[in-house]
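These are the residues of each chain, in order.
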2 protein chains.
Amino acid sequence: MSDRQFTFIGGHQGAWAITGVKPIVGVALPLASHLDIVTGHTAAAPESAWALRGVTSSERYVTRAEKESLAAVQEPLGRPGSTRGALIPIRKSPAWWALAQDERRAILEERSRHITIGLAYLPPVARKLYHARDLGEPFDFLTWFEFAPEYAGAFDDLLAKLRATEEWQYVEREVEVRMERSR
Amino acid sequence: MSDRQFTFIGGHQGAWAITGVKPIVGVALPLASHLDIVTGHTAAAPESAWALRGVTSSERYVTRAEKESLAAVQEPLGRPGSTRGALIPIRKSPAWWALAQDERRAILEERSRHITIGLAYLPPVARKLYHARDLGEPFDFLTWFEFAPEYAGAFDDLLAKLRATEEWQYVEREVEVRMERSR
């Protein structure tokens, strides 16, 4: 099981140097110079600023056709040229979680094109979704992005498109943590 | 958050006296005389036989129409006449979890009628689903059932119908713990 559990630790060490922390909706995260991504669920060490736990899981909305479209073009994390990273923790509102499955799917894809928008930026912007809500975490999701410096503008476009959607009206907290690979 | 977290503890105390533990698929749970249901996620005390953690969460498959059909007829847990209970922990196979959302929905409801079958036994057989897979638990789901003694036969019918479905071909561990209210 521990191969699906990860902890993102903001502190003084890690492979990623934090270059900016921007509160998009609600309050930001405490300042930290580096991000360390560790396997398993660990508590924050006293010298860390924050620790966010997440778990990779089954897809909640993606259809078989979409899953195959994504798989056909996506590339793995850890590409040597992907020296830019972003961690975007998000919490959605109680109104979102009170919706039924078909209502959430209709908002997420049929009306907001969340999956389609993400697909348009593959393979340059690689991403991985971690679920956190059922772990009792302060955020519902942690999304991790990796890309080469020349795609930083494209990444900003991707974020702008998603934030303009109907789905994002249900986002009640969002923080954008940007970073550069430090080793 | 703790209002969604529960731990089912098999041991020497609790409001429910265990009357039977039956392994349906795979190995059973260790013997225990009573079940205690506590809020929050706690480790098993040394004198307990087992502790299973779960969390109530958003519905993964139910549509708005189904949600309203269920809400129109279901009754709450804790009815005075509901002196019979059952806890059924289930783990599904990796093949199930590798399916896309639309494939899982098609098997669960369009082909196996899981939601429809459960609806047919409401309000007599009340039930509540707890998610456990993303918590790193040995089971993916814990389903809790409550009913009056005169509906014990109906409850057995419900279980037989579900276990005959295509969905149940993906169940790789299932234990049936039956009990009576002891206080």
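This part is about the pattern of salt bridges. Residue and element names in this part refer to chain A. This structure, assessed with the given rule, holds 36 salt bridges over all chains. The residue Glu172 makes a salt bridge to Arg91 at a minimum N-O spacing of 2.8 Å. Of this pair, Glu172 sits in strand E8 (residues 171–181) while Arg91 is found in strand E5 (residues 84–92), placing the two residues 81 residues apart along the sequence. Classification of Glu172 by relative accessible area gives partly exposed; the value is 33%. According to the relative accessible area criterion, Arg91 is partly exposed, its value standing at 27%.

Residues and elements named next belong to chain A. Position of Arg163 among the secondary structure elements: in helix H5 (residues 152–163). Judged by its relative accessible area of 26%, Arg163 falls in the partly exposed class. Once residues within four sequence positions are removed from consideration, Arg163 is found in contact with Ile24, Ile88, Trp168, Glu174 and Glu176. Polar contacts involving the side chain of Arg163 include one to the side chain of Glu176, which spans 2.8 Å.

Turning to the side chain of A:Thr7, a few remarks are in order. All names here are of chain A. Among the secondary structure elements, Thr7 is positioned in strand E1 (residues 5–11). Look at Thr7 and you get buried, because its relative accessible area is 0%. At 3.1 Å, the side chain of Thr7 forms a polar contact with the backbone nitrogen of Thr42. Discounting chain neighbours no more than four positions away, the residues touching Thr7 are Asp36, Ile37, Val38, Gly40, His41, Thr42, Ala51, Leu52 and Arg53.

Here is what the cut-offs are and how they apply
- Residues numbered from 1 in each chain as written.
- Chains lettered and ligands numbered in written order.
- Predicted model: local features only at pLDDT ≥ 70, side-chain atom pairs only at ≥ 80, totals over all residues.
- Heavy atoms only, no water.
- Salt bridge = Lys/Arg side-chain N within 4 Å of Asp/Glu carboxyl O.
- Helix = DSSP H or I, 4+ residues; strand = E, 2+ residues; numbered from the N terminus.
- Buried < 20%, exposed > 50% of the residue type's maximum accessible area, 1.4 Å probe, protein only.
- Contact = heavy atoms within 4.5 Å.
- Polar contact = N/O pair within 3.5 Å; in protein donor to acceptor, adjacent residues only side chain to side chain.

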